[in-house]
Amino acid sequence: MTRILLIEDNADHAELIERSLKKGFGPIRLKVAASAEEAYETLDDKKFDLILSDYYLPDVDGDEHIRQLSLRAPRVPVVIITGQGDEKVAAKSIQSGAEDYIVKTREALEVLPTILKRAMVKHRSHQSKKQKEIRKHLNDHEEKVKKVLGEVEKIGRRMRNLTKRASGNGSAKPEDSGTLDNLARQIESLKKFVKGFFKK
């Protein structure tokens, strides 16, 4: 059963949207919030498959509202529906994190379930792509860390050998001092690399 959070301060509009959703989705679990604050409190307690929200709410800026929804429910697609069509607002809504933007018309209400189902599929695709990018990023970091650890291990072995030679039988060679200086420089280089790595 699809769980939908509808954020709509106009009761008549909420009723029309609910009829359309039930007609297109069949049985649904619908929660209607009349304000942004009520919606945020609901998201703290319950999980949803989709958020459908009016853009123009009395208690919040539309773009900030979308950002808040995306922060509070990052895995849930947000679709904006409004009675005032505006291409600039539509573009800003998408930039703020909305999956789609719909103008309230009779025609739009008839196809609303289809639009929402498409938005859910699109959002899942985006989430899958993000997860793949994160895994690749982590794998790249793992390879770099392994390389650094390998270099540190090599330096450690060489320094241990030099220490044994110097303290064991007093047979330290003149070039050992230069080797130690070189190893110290390598360690400093690795330290800079690691610091830069974790700043990224």
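See the structure above.
Since we're looking at a predicted model, the values are computed, not measured. (Residues numbered from 1 in each chain as written. Predicted model: local features only at pLDDT ≥ 70, side-chain atom pairs only at ≥ 80, totals over all residues. Heavy atoms only, no water.)

Buried within helix 4 (residues 87-96) are the following residues: Val89, Ala90, Ser93 and Ser96. Each buried residue of helix 4 lies within a common arc of 130 degrees when the element is viewed along its axis, so the set occupies one face. Away from the buried face of helix 4 by more than 90 degrees, exposed residues Glu87, Lys88 and Gln95 are located. In this structure, the buried side of helix 4 is in contact with helix 3 (62-72), strand 4 (78-82) and strand 5 (100-103). Glycine 97 occupies a position one or two residues after helix 4 and carries a positive phi of about 130 degrees. (Buried < 20%, exposed > 50% of the residue type's maximum accessible area, 1.4 Å probe, protein only. Helix = DSSP H or I, 4+ residues; strand = E, 2+ residues; numbered from the N terminus. Arc of directions from axis to C-beta. Contact = heavy atoms within 4.5 Å.)

So, about the environment of serine 70. Mapped onto the fold, serine 70 is located in helix 3. Take serine 70: its relative accessible area is 21%, and that puts it in the partly exposed class. Separated by 19 residues in the primary sequence, serine 70 and isoleucine 51 have C-alpha atoms spaced 9.8 Å apart.

Our focus in this paragraph is the packing of aromatic side chains. Considering all chains together, one arrives at one aromatic pair under this definition. Centre to centre, the rings of tyrosine 55 and tyrosine 56 are 4.9 Å apart; their planes meet at 80 degrees, and the pair counts as edge-to-face. Over the ring of phenylalanine 25 we find lysine 117; its NZ or CZ atom is 5.2 Å from the centre of that ring. (Phe/Tyr/Trp six-rings, centres within 6.5 Å; stacked < 30°, edge-to-face > 60°. Lys NZ or Arg CZ within 6 Å of the ring centre and 35° of its normal.)

Direction vectors running N to C along helix 2 (residues 36-45) and helix 3 enclose 5 degrees, while the axes themselves pass 10 Å from each other. One finds that helix 2 runs roughly parallel with respect to helix 3. Together, Ala36, Tyr40, Leu43 and Asp44 of helix 2 and His65, Gln68, Leu69 and Arg72 of helix 3 make up the contact between the two elements. Taken together, the residues of the contact of helix 2 with helix 3 break down into four nonpolar, two polar and two charged. (Axes fitted to C-alpha atoms, helices over the stretch in contact; angles between N-to-C directions. Parallel < 35°, antiparallel > 145°, perpendicular 65-115°, else oblique. Nonpolar A, V, L, I, M, F, W, Y, C, P; charged D, E, K, R; others polar.)

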